[in-house]
Amino acid sequence: MSIDREERGEVRAQASRNVERLGRPATQGWLRLLGSELRLIVTRRRNQVGLGVLFGLVVLVGIALKVSAVRHPRSQSGDLIAAVAGNGIFLGFAALSIEIALFLPLAVSVLAGDAIAGEANQGTLRYLLVAPVGRARLVLVKAASLAIGALIGALVVALAGVLTGAALFGIGPPTSLSGSQLGVGDGLWRLLLAVLYLAAGLAALAMIGLFISTLTEQPIAATVATAMVGTLFWILDSVPQLDWLHPWLLVDRWLAFVDLLRDPPFTDRIVAGLWVDAAYAAVFLTLAWLRLRRMDVTS
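Residues numbered from 1 in each chain as written. Predicted model: local features only at pLDDT ≥ 70, side-chain atom pairs only at ≥ 80, totals over all residues. Heavy atoms only, no water.

**Focus on the overall build of the protein chain**
Assigned secondary structure in the protein chain consists of twelve helices and zero strands. For the protein chain, the sequential pattern of α-helices and β-strands runs α-α-α-α-α-α-α-α-α-α-α-α. Taken over 299 residues, the protein chain has a buried fraction of 44%. Contacts in the protein chain between residues far apart in sequence, at least 24 positions, make up 77% of those at least 6 positions apart. (Helix = DSSP H or I, 4+ residues; strand = E, 2+ residues; numbered from the N terminus. Buried < 20%, exposed > 50% of the residue type's maximum accessible area, 1.4 Å probe, protein only. Contact = heavy atoms within 4.5 Å.)

In C-alpha cells form, the structure reads like this:
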C-alpha cells in the first residue's frame, strides 16, 4: 500500500510538472512524458521482481542443461536445447524459445494492464489528461513505453542466456541449423535480431492489453484478460483443425525467430510475422485511442 501511494504521488507530481510546461516545445513535452512513463516501468518494485524472475529462470535452465550434459555427455537429440551444450550463444535462443510462450507475454500483460486501468484506479488519470498531455498523446506515449518495456523484457532474457551460457558452456563460433559455422559476432547479431523480432510481437500483444486497460479501472482484471488472450492464441494455434486460422493468429510465427539460425537465414515467415504484428498493433492502438477519447474520466 505504501508503494502504491508513493507511485501515485510521483505520477501526480509529474502531471503537475506537465501542466507547468504548457509553453515549452511539443517535442520536449513528449520526451519528458515518455521518460516519466519509462521511469515508472523501470522503478516499480513488481516490475523489477518480474525481470529478476525472467533472468533467474534462464539461469536455472542453464544449470539444468549443464547437469544433464555432464550426466549424459553423448546425448545427441539434435534440437535447439541440445545445441546449448555445444555453445553458450545458443542458450540465448533457447531462453527466448522457452519464455516466449508464457513468461514474456505475462510480463507484458502486467505492464499493459496497468497502463490506463492503473491510472484510473489510483485516481491519477484525470491529472494526466490535463491540457498539455491530451488523450491521443497519452495513448501514444503509453504505447511507446509498452513497446520499450517489451524490448527490455526480451533483452533481459537474451542477455541472461548469453551470460549464463558463457559461464557454463563457453562462447565460440556457433554452428548454424544448416550445418555451417558462424562467427561469434554473427551469432550475437542474429540473437539481437531475434530479440527485436520477438519484441515486435510482444509490443503487439501490449497494444491489445492497452485497449483492454481502457475498458476497466481494475489493473489486475486488465492484466488477467490480456494474459488470457495470449494464452488463447497459443491454444488456438495448437489445434490442427484450425490450420486455416493459424496465419491470422498473433503468436503463430513468433517461433520463426529460430530461422535466423539458418545459413542463410530464412526470412519469409519472419516478414509475414512482422506484418501480422503491425496489423494487430495498429488495430488495437486505434481502438484504445477511440475508447479513451470517449471515456468520461471523473477520477
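**Focus: the packing of aromatic side chains**
What the rule picks out here adds up to four aromatic pairs. For the ring pair phenylalanine 211 and phenylalanine 284, a centre distance of 6.0 Å and an interplane angle of 55° mean the geometry is tilted. With phenylalanine 211 in helix α10 (residues 184–213) and phenylalanine 284 in helix α12 (residues 268–294), the pair connects residues that are 73 residues apart, well separated along the chain. Looking at phenylalanine 211, the relative accessible area reads 18%, which means it is buried. Centroid distance tyrosine 280 to phenylalanine 284: 6.3 Å. Interplanar angle 5°. Geometry classified as stacked. On the criterion of helical spacing, the pair formed by tyrosine 280 and phenylalanine 284 is a turn pair, its members being four residues apart in helix α12. The pair tyrosine 280 / phenylalanine 284 is uniform in exposure class, with both members buried. Aromatic rings pair up to connect Phe211, Phe233, Tyr280 and Phe284 into one cluster. (Phe/Tyr/Trp six-rings, centres within 6.5 Å; stacked < 30°, edge-to-face > 60°.)

**Observations concerning the confidence of the model for the protein chain**
Detailed reading of the predicted coordinates is not advisable wherever pLDDT falls low. With 82% of its residues at a pLDDT of at least 70, the protein chain reaches an overall mean of 86. Within the protein chain, no element has a lower average pLDDT than helix α1 (residues 2–20), which sits at 51, and none a higher one than α10, at 97. (pLDDT = per-residue confidence, 0-100.)

**Here's the deal with the nonpolar core**
By size, the foremost hydrophobic cluster in this structure holds 61 residues, and its most contacted members are Leu96 and Leu210. Each residue touching leucine 210, except ones within four places of it in the same chain, is listed here: Ala112, Ala115, Ile116, Val139, Lys142, Ala143, Leu146, Leu285 and Ala288. Within the second largest apolar cluster, five residues are counted, among which are Leu65, Leu91, Ala94 and Phe169. (Core = buried A, V, L, I, M, F, W, Y, C linked by side-chain atoms within 4.5 Å.)

**What to know about the pattern of salt bridges**
For the coordinates displayed, the defined rule picks out eight salt bridges. Taking the shortest distance from any N to any O, the salt bridge between aspartate 263 and arginine 190 comes out at 3.6 Å. Separated by 73 residues along the polypeptide, aspartate 263 in the loop between α11 (219–237) and α12 and arginine 190 in helix α10 bring together distant segments of the chain. Since its relative accessible area comes to 36%, aspartate 263 is described here as partly exposed. Of the charged contacts, one joins arginine 262 and aspartate 259 as a salt bridge, the two residues approaching to 3.3 Å between their closest N and O atoms. Owing to a relative accessible area of 26%, arginine 262 belongs among the partly exposed residues under this scheme. Judged by relative accessible area, aspartate 259 falls into the buried class, the value being 8%. By sharing partners, the salt bridges in this structure join Glu37, Glu119 and Lys142 into a single network. (Salt bridge = Lys/Arg side-chain N within 4 Å of Asp/Glu carboxyl O.)

**With respect to the side chain of lysine 142**
Inspection of the secondary structure puts lysine 142 in helix α9 (residues 135–168). When residues no more than four places from it in sequence are discounted, the contact partners of lysine 142 are Glu37, Ala115, Ile116, Glu119 and Leu210.

**Some remarks on the packing of α9 against α10**
Two numbers describe how α9 lies on α10: the axes approach to 8 Å, and their chain directions differ by 140°. Relative to α10, α9 is oriented oblique. Crossing geometry of α9 relative to α10 is assigned as right-handed. Of the residues in α10, those touching α9 at Val139, Lys142, Ala143, Leu146, Ala147, Ala150, Leu151, Ala154, Leu155, Ala158 and Val162 are Leu188, Leu191, Leu192, Val195, Leu196, Ala199, Leu202, Ala203, Ala206, Met207 and Leu210. Across the contact of α9 with α10, the residue classes break down as 21 nonpolar, no polar and one charged. (Axes fitted to C-alpha atoms, helices over the stretch in contact; angles between N-to-C directions. Parallel < 35°, antiparallel > 145°, perpendicular 65-115°, else oblique. Left-handed = near helix turned anticlockwise from the far one by under 90°. Nonpolar A, V, L, I, M, F, W, Y, C, P; charged D, E, K, R; others polar.)

**Side note on the packing of helix α5 (residues 89–99) against α9**
Taken N-terminus to C-terminus, the directions of α5 and α9 make an angle of 140°; their axes are 7 Å apart at the nearest point. Here α5 lies oblique to α9, going by the angle between them. Crossing angle aside, the handedness with which α5 passes α9 is right-handed. Contact residues: α5 offers Leu91, Gly92, Ala95, Leu96 and Glu99, while α9 offers Ala154, Val157, Ala158, Gly161, Val162, Thr164 and Gly165. For the contact of α5 with α9, the class distribution of residues is seven nonpolar, four polar and one charged.

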